[in-house]
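# Fold and contact review
Listed below are the residues making up each chain.
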Amino acid sequence: GQQVMQIPQYQHVQEGEDFTTYCNSSTTLSNIQWYKQRPGGHPVFLIQLVKSGEVKKQKRLTFQFGEAKKNSSLHITATQTTDVGTYFCAAWHMDSNYQLIWGAGTKLIIKP
Amino acid sequence: GAGVSQSPSNKVTEKGKDVELRCDPISGHTALYWYRQSLGQGLEFLIYFQGNSAPDKSGLPSDRFSAERTGGSVSTLTIQRTQQEDSAVYLCASSFLRPGQGETFFGQGTRLTVV
């Protein structure tokens, strides 16, 4: 079946450092969404990217969709404790039987 | 309702018992999904309902799992003869449009513990 590879599985950073997570697909995606799940919580929608090469920003968060629409990234500048959680990408393409294909998630951990 | 509602929030059951988990999606949302999430893991797709179409059951792990959606609204996930490996958080989600065409809203989940 269709898969979206998400890396890394974990990232430990000092508060104030940057964080990046990547999602990659072997096939072209129709669009990609990003979600955040706080510890003990449920996934919450952050953003959707549709266009080739699209870049969107939400304060310290920058989301990119690759030119070939096969990869995407989420970059957080100057992490804060409120950023802690797991970030998931979820992709959709016409061959996925109308399912969202979820990445495995990247857990952001702030070092004490 | 204001959001996706799931009940119960926690369920402890004995191995071999049947359990029913309920999901009340956001009013008007035609798409409804069930996912399973084990501790520290990603989302495992279970089943997807879209309007009046036949559900996509391709993610159900065994025939002990079944789900129905009545009247295009409330959904129930049933696990028969529960096993310890069924212990996980079961998340329900709904969306207004087809997957990937808009935001998917998640409920708070039901934490199932099989002892």
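Think of each chain on its own: its residues are numbered from 1, step by step along the sequence as written. In the order they appear in the text, chains get letters beginning with A and ligands get numbers beginning with 1. Local features in a predicted model are, by the rule used here, given only for residues with pLDDT of at least 70; side-chain atom pairs are given and counted only at 80 or more, and totals for whole chains, interfaces and linings are based on all residues. Think of the side-chain values as coming from all heavy atoms in the structure, minus any hydrogens and water.

## Describing the layout of surface pockets
Counted only if it meets this: A pocket here means an open set of points on a 1 Å grid, computed over the protein atoms alone, that has protein on both sides within 12 Å along at least five of seven lines. A cavity is instead a set of points where a 1.4 Å probe fits but cannot get out; residues with an atom within 4 Å of a point line either one. Grid points are joined across faces, edges and corners, and a volume is the space filled by probe spheres set on the points. The helix count covers DSSP runs of H or I at least four residues long, the strand count covers runs of E at least two residues long, and both are numbered beginning at the N terminus. Residue polarity follows a fixed list, in which Ala, Val, Leu, Ile, Met, Phe, Trp, Tyr, Cys and Pro are nonpolar, Asp, Glu, Lys and Arg are charged, and the others, Gly among them, are polar.
Looking at the largest pocket, its volume works out to about 690 Å³. Residue lining of the largest pocket: 32 residues in total, with Gln37(A), Gln37(B), Ser38(B), Leu39(B) and Gly40(B) positioned closest to the centre. Broken down by secondary-structure element, the contributors of at least two residues to the lining of the largest pocket are strand E9 (85-92) and strand E11 (106-111) of chain A together with strand E8 (88-95) and strand E10 (110-114) of chain B. It is E10(B) that provides the largest number of residues to the lining of the largest pocket, a total of four residues. Residue composition of the lining of the largest pocket, by class: nine nonpolar, 20 polar and three charged.

## With respect to the environment of Leu32(B)
Defined as follows: Whether two residues touch is decided by their heavy atoms; if any such pair falls within 4.5 Å, the residues are in contact.
Take Leu32(B): it is sitting in strand E4 (residues 31-37). When sequence neighbours within four positions are dropped, the list of residues in contact with Leu32(B) reads Cys23(B), Pro25(B), Ile47(B), Tyr48(B), Phe49(B), Arg69(B), Ser73(B), Ser75(B), Cys92(B), Ala93(B) and Ser94(B).

## Quick look at the environment of Thr106(A)
Residues and elements named next belong to chain A. So the rule is basically this: Pairs of N or O atoms are called polar contacts if they sit within 3.5 Å, as long as, within protein, a hydrogen donor faces a hydrogen acceptor (for residues adjacent in sequence, only side-chain-to-side-chain pairs).
Note on placement: threonine 106 falls in strand E11. Between the C-alpha atoms of threonine 106 and proline 8, which are 98 residues apart in sequence, the distance is 5.8 Å. Residues in contact with threonine 106, not counting those within four places in the same chain, are Gln6, Ile7, Pro8, Gln9, Phe19, Thr21, Gly85, Thr86 and Tyr87. Reaching out from threonine 106, the side chain makes a polar contact with the backbone oxygen of proline 8 at a distance of 2.5 Å. A polar atom in the side chain of threonine 106 sits 2.7 Å from the side chain of threonine 21.

## Topic: the state of the cysteines
What counts here: Only a pair of cysteine sulfur atoms within 2.5 Å counts as a disulfide in this structure description. Three exposure classes are used, based on accessible area relative to the maximum for each residue type with a 1.4 Å probe and protein chains only: buried under 20%, partly exposed in between, and exposed over 50%.
Tallying each qualifying case throughout the model produces two disulfides over all chains. Across the disulfide from Cys23(A) sits Cys89(A); the S-S distance is 1.9 Å. Residues Cys23(A) and Cys89(A) are joined by a disulfide whose S-S torsion is about -100°; by sign, that bridge is left-handed. Linking Cys23(A) in strand E3 (residues 19-24) with Cys89(A) in strand E9, this pair joins segments that are 66 residues apart in sequence. An identical accessibility class is assigned to Cys23(A) and Cys89(A); each is buried. There is a disulfide in this structure between Cys23(B) and Cys92(B), and the S-S distance comes to 1.8 Å. One quick way to see it: the torsion about the S-S bond of Cys23(B) and Cys92(B) is about -65°, and its sign makes the bridge left-handed. Here Cys92(B) lies in strand E8 and Cys23(B) lies in strand E3 (residues 19-24), a separation of 69 residues in the sequence. Neither residue differs from the other here; Cys23(B) and Cys92(B) are each classed as buried.

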